[in-house]
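What follows is the residue order along each chain.
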Amino acid sequence: MLAAQIVAPGDAQVIELPEPACGAGQVKLAVAWCGVCGTDVHILHGGFRADYPLTPGHEFGGTVVELGAGVTSLALGDRVAIDPNITCGACPFCRRGLVHLCERLTAVGVNQPGGFAERCVVPAAQCYRLPESVSFEQAAFCEPLACCVHGVDRAAIAPGERVLVVGAGPIGLLMAQLARAAGAAWVAISDPVAAKRALGLKLAADQAFDPQTCDLAEAARAATGIGPDVVIECVGRAETVATALSSARRGGRVVLFGVAPKDAQVPIAPYEVFLNELTVLGSYINPFTHQRALDLLAGGRVRVEPLISAHLALDEFGEALSLAGSGQAMKVLVGQ
C-alpha cells in the first residue's frame, strides 16, 4: 500500500509499505480523508514526542474492510471516525476518570501508524460509527473538534458571557462556533490574516481584531467595557499567550489551548494574577468528548466544510505539510 512516512525529523517520504495485519480486537480501515494537524508539522520538525519512523495522521475516518478476532462491535462496511488516543485504563489517572492524563497514553499517528496511508489498523474500541449525515470530510474534523469541546468544558462558558478567541485558524474557528453554541453573547476573534478574520465573522464571530494594527487587550476592553469573561488562546506562541493573559477581565478565565514549543517561556506577574483573580487553565486532548463532537457535526451545530483549504492526494503529502505549516491555509485534507 501507499503510505506517507516521517523517517526522521525533517525527512518526509511517500513510500510503498506492506499492508498491516489486523490483530485481535482490531479493525482495518480503508482511510478516506485525513486532516493535517499542527501536531503533524511539529512531528516533522522533531518538536513533538513521536516514534520514528512514523506514518503520521490522527484526524481521520474510513470504512471497515477487515475485522480482527473477537470484534463484534463493528461490521464490514461500517463508516467510522477514530479517537486516536489510547489509554491504559489502569494507572492512577485513568482510575480517577482522567484518562487524557494516562501515564501510558499512546496515540494512533504518533506512537503507531496513522491515517496518512491507504490502509490503517486501529483498535475497534477507538472507532465511532458515523451518522449517515456525517461525511468523511467531516469525520476528519471529529478529533480536533472533540479536543475543542474539552477546551470549552474547561472554560465553563455560561450563557451571556463574552468570549475572545486568539487565533482564527481551524481550531480557533471551531472554538468560536462552540462558544456561540454554549450561549456566549459576544464572540470575537483575533488573527493577523484578513481572510481568516473574514471567515470567522461569517461562521460565528461578532467582531474580529487584527493584532498587528491594535492593542488586543485594549480593543477587547473597549468592545466589552471591562474585558472578556473568557479568553481562549489557540495559537501556541509565547507572545499570544501573554496577550491572552492580559486581555481577560478581572475575575476572568484564560484557557491555554494552543500547543506552544516545549521550551517556550512566558513571563507572568503573580501580583497581577492575584490582584485580578485570574483563572488560568490548560486543556489537553479529548476525554470522553468524541461522541459529543460527532453529534455536533451531525446536528449541524458546527460547520467544518468552510474550513477546508485543500484536498490533496496521498502522494502530495509533502505539499500538504508545507501548506499546513505556511500559516495561510486552514485545514488541509489528504486522501481519496
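Residues numbered from 1 in each chain as written. Predicted model: local features only at pLDDT ≥ 70, side-chain atom pairs only at ≥ 80, totals over all residues. Heavy atoms only, no water.

Focus on the overall build of the protein chain
Quick reminder of the rule: The way it works is that DSSP assigns letters per residue, a run of H or I at least four long becomes a helix, a run of E at least two long becomes a strand, and they are numbered from the N terminus. Computation of the radius of gyration draws on C-alpha atoms, with the globule rule given as 2.2 Å multiplied by the number of residues to the power 0.38. The buried label goes to any residue with under 20% of its type's maximum accessible area, the exposed label to any with over 50%, and the partly exposed label to all in between, with areas taken from a 1.4 Å probe on protein chains only. Contacts are assigned to residue pairs that have any heavy atoms within 4.5 Å of one another. Method for areas: the Shrake-Rupley scheme with a 1.4 Å probe, in which residue coverage is limited to the protein chains shown. His is not counted, nor are the chain ends; Lys and Arg add positive charge and Asp and Glu add negative charge. Charged side chains are reduced to one point each, which is NZ for Lys, CZ for Arg, CG for Asp and CD for Glu.
The secondary structure content of the protein chain amounts to ten helices and 17 strands. On C-alpha atoms alone, the protein chain measures out to a radius of gyration of 20 Å, which is about the 20 Å that the 2.2 N^0.38 rule sets for 336 residues. Counting only C-alpha atoms, the protein chain reaches 60 × 40 × 40 Å along its principal axes. The buried share among the 336 residues of the protein chain stands at 52%. Restricting to contacts in the protein chain with at least 6 residues of sequence separation, those with at least 24 account for 69%. When the accessible surface of the protein chain is split by element, carbon and sulfur atoms take 53% of a total near 14,200 Å². When the 24 basic and 32 acidic side-chain charges of the protein chain are each reduced to a single mean position, those positions are 7 Å apart.

Considering the side chain of Asp 78
Here is the rule: Polar contacts, as counted here, are pairs of nitrogen or oxygen atoms within 3.5 Å of one another; within protein the pair requires one atom able to donate a hydrogen and one able to accept it, and residues that are adjacent in sequence qualify only if both atoms are side-chain atoms.
With respect to the helices and strands, the residue Asp 78 is situated in the loop between strand E4 (59-67) and strand E5 (79-82). Among the polar contacts made by the side chain of Asp 78, one reaches the main-chain amide nitrogen of Ala 75 at a distance of 2.8 Å.

A closer look at the pairing of E4
Within a regular beta strand, the side chains point alternately toward one face of the sheet and then the other, so they alternate between its two faces. The test is simple: In this description, strands pair whenever DSSP reports at least two bridges between them.
Pairing between strand E3 (residues 26-35) and E4: seven bridges, direction antiparallel. Looking at E4, one finds that Val 31 is bridged to Gly 62.

As for the nonpolar core
Soluble globular proteins: nonpolar side chains tend toward being buried together. Put simply, the rule is: Nonpolar core, defined: a set of buried Ala, Val, Leu, Ile, Met, Phe, Trp, Tyr and Cys residues in which side-chain atoms within 4.5 Å join the residues together.
In this structure, Leu 145, Ile 157 and Ile 232 are the most contacted members of the largest nonpolar core, which totals 56 residues. Setting aside chain neighbours within four positions, we find Ile 232 in contact with Ile 157, Val 163, Leu 164, Val 165, Val 166, Met 175, Val 255 and Phe 257. Counting residues in each nonpolar core, the second largest holds 36 residues, with Val 27, Val 71, Val 110 and Leu 321 among its members.

Notes on the environment of Ile 6
Counting through the fold element by element, Ile 6 comes out in strand E1 (residues 2-8). Ile 6 sits 248 residues away from Val 254 along the chain, and the two C-alpha atoms are 35 Å apart. With sequence-adjacent residues up to four places away left out, Ile 6 is seen in contact with Asp 11, Ala 12, Asp 40, Ile 43, Leu 44, Tyr 52, Pro 53, Leu 54 and Pro 56.

Topic: the packing of aromatic side chains
For clarity, the threshold we go by: Note on aromatic contacts: the rings of Phe and Tyr and the six-membered ring of Trp form a pair at centre separations within 6.5 Å, being stacked when their planes are under 30 degrees apart, edge-to-face when over 60 apart, and tilted otherwise. Cation placement over rings: the criterion is NZ of Lys or CZ of Arg within 6 Å of the ring centroid and within 35° of the ring normal.
Enumeration over the complete set of coordinates arrives at two aromatic pairs. Summarising the aromatic geometry, the rings of Phe 116 and Phe 317 are spaced 4.9 Å apart at their centres and angled 50° between planes, so their arrangement reads as tilted. Placement of the pair is Phe 116 in the loop between strand E7 (106-107) and strand E8 (119-123) and Phe 317 in helix H10 (residues 317-324), with a sequence separation of 201 residues. On the numbers, 5.8 Å between centres and 50° between planes, the contact of Tyr 271 with Phe 274 is tilted. Here Phe 274 and Tyr 271 lie together in helix H8 (residues 270-276), a separation of three residues that amounts to about one turn. One exposure class covers both Tyr 271 and Phe 274, and it is exposed. The ring of Phe 136 has Arg 79 sitting right over it, with the charged end atom 4.8 Å from the ring centre.

A closer look at helix H3 (residues 142-155)
To be explicit about the condition: Expected helix span is taken as 1.5 Å per residue step, with the number of steps being one fewer than the number of residues.
Helix length check: H3, at 14 residues, gives a terminal C-alpha distance of 20 Å against a target of 20 Å (1.5 Å per residue), a fit within 8%. In terms of burial, H3 is a largely internal element, twelve of the 14 residues being buried. Ala 156 sits one or two positions beyond H3 and adopts a positive phi of about 55°.

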